[in-house]
Amino acid sequence: MGVVRTLARWLLGAALVFAGVGHLTFARQSFVAQVPQWLPLPVDFVVLASGVVEILLGLSLLLLGRYRVVVGWVVAAFFVAVFPGNIEQFIRGTDAFGLDSDVARAVRLVFQPVLVIWALWSTGAWRAWRERRHRDSAH
């Protein structure tokens, strides 16, 4: 795996750990803004649980290089799973994380697929899937 991909994976891992710690401490109220109102769980539980998950995913990216492909798919799935929260923030027009306009919140929506691609690319998950597909089609 290339140095750039490894550094990108570590950067994403560190960002997830930082965000997860934020869920549990200094940014807790801001994360409340992203919990969809239709979710049938207590808002604070969702914020805390997603913070713990982010910390675990970040540490997995940093420490479990041997399993990076599987971790990449799980991280990508996590980013897809939390996307409704970003949509909710946009629809409700809730200010959080400095996203204080519809334009800023819309840009955040566009950035979420970038995170999915980053997770898949930096872990080699996308490449492994393509190679497997190619091997399977050759048989």
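Predicted, not measured: the structure shown is a model, and the values here were computed from it.

## Thoughts on the packing of helix α3 (residues 43-63) against helix α4 (residues 68-92)
Phase 1 of the analysis: Interhelical geometry of α3 versus α4 gives an angle of 150° and a closest axis separation of 10 Å. In terms of axis orientation, α3 runs roughly antiparallel to α4. Classified by chirality, the crossing of α4 by α3 is left-handed. Residues Ser50, Val53, Glu54, Leu57, Ser60 and Leu61 of α3 lie in contact with α4, whose contacting residues are Val71, Val74, Val75 and Phe78.
Phase 2 of the analysis: Residue composition of the contact of α3 with α4, grouped by class: seven nonpolar, two polar and one charged.

## Thoughts on the pattern of salt bridges
Phase 1 of the analysis: Following the criterion strictly, the structure yields three salt bridges and no others.
Phase 2 of the analysis: Note that Asp44 and Arg28 form a salt bridge whose closest N and O atoms lie 2.5 Å from each other. Of this pair, Asp44 sits in helix α3 while Arg28 sits in helix α2 (residues 28-32), and the two are 16 residues apart along the sequence.
Phase 3 of the analysis: We classify Arg28 as partly exposed; its relative accessible area is 26%.
Phase 4 of the analysis: The partner of Arg92 in a salt bridge is Glu88, and the shortest N-O contact between them spans 3.3 Å. A residue pair is termed a helical-turn pair when its members lie 3 or 4 positions apart in one helix, as Arg92 and Glu88 do in helix α4 at four residues.
Phase 5 of the analysis: Classification of Arg92 as partly exposed rests on a relative accessible area of 31%.

## Looking at α3
At 3.6 residues per turn, the α-helix brings residues three or four places apart onto the same side.
Phase 1 of the analysis: Here α3 is 21 residues long and its end C-alpha atoms lie 30 Å apart, about the 30 Å a rise of 1.5 Å per residue gives.
Phase 2 of the analysis: Listed in full, the buried residues belonging to α3 are Val46, Val47, Ser50, Gly51, Glu54, Ile55, Leu57, Gly58, Ser60 and Leu61.
Phase 3 of the analysis: Those residues of α3 that are buried lie in contact with α1 (3-24), α2 and α4.

## Details of the packing of aromatic side chains
Phase 1 of the analysis: All chains considered together, the criterion is met by three aromatic pairs.
Phase 2 of the analysis: Ring centres 5.4 Å apart and planes at 45° place the aromatic pair Phe18 and Phe26 in the tilted group.
Phase 3 of the analysis: Of the residues examined, Phe26 reaches a relative accessible area of 57% and is grouped as exposed.

## Concerning the environment of Ala76
Phase 1 of the analysis: By secondary structure assignment, the location of Ala76 is in helix α4.
Phase 2 of the analysis: Taking the C-alpha atoms as reference points, Ala76 and Gly65, 11 residues apart in sequence, are found 16 Å from one another.
Phase 3 of the analysis: Not counting residues within four places of it along the chain, the set of residues in contact with Ala76 comprises Val116, Ala119 and Leu120.

## Quick notes on the environment of Gly65
Phase 1 of the analysis: If you trace the backbone, Gly65 turns up in the loop between α3 and α4.
Phase 2 of the analysis: Distance in space between the C-alpha atoms of Gly65 and Thr123 is 8.3 Å, their sequence separation being 58 residues.

## Description of α4
Phase 1 of the analysis: Look at α4: 36 Å from first C-alpha to last across 25 residues, which is about the 36 Å you get at 1.5 Å a residue.
Phase 2 of the analysis: Looking at α4, one finds that the buried residues are Val71, Gly72, Val75, Ala76, Phe78, Phe79, Gly85, Asn86, Glu88 and Gln89.
Phase 3 of the analysis: Looking at the buried side of α4, the elements it contacts are α1, α3, α5 (102-122) and α6 (125-138).

Rules used throughout
- Residues numbered from 1 in each chain as written.
- Predicted model: local features only at pLDDT ≥ 70, side-chain atom pairs only at ≥ 80, totals over all residues.
- Heavy atoms only, no water.
- Axes fitted to C-alpha atoms, helices over the stretch in contact; angles between N-to-C directions.
- Helix = DSSP H or I, 4+ residues; strand = E, 2+ residues; numbered from the N terminus.
- Parallel < 35°, antiparallel > 145°, perpendicular 65-115°, else oblique.
- Left-handed = near helix turned anticlockwise from the far one by under 90°.
- Contact = heavy atoms within 4.5 Å.
- Nonpolar A, V, L, I, M, F, W, Y, C, P; charged D, E, K, R; others polar.
- Salt bridge = Lys/Arg side-chain N within 4 Å of Asp/Glu carboxyl O.
- Buried < 20%, exposed > 50% of the residue type's maximum accessible area, 1.4 Å probe, protein only.
- Expected span 1.5 Å × (residues − 1).
- Phe/Tyr/Trp six-rings, centres within 6.5 Å; stacked < 30°, edge-to-face > 60°.

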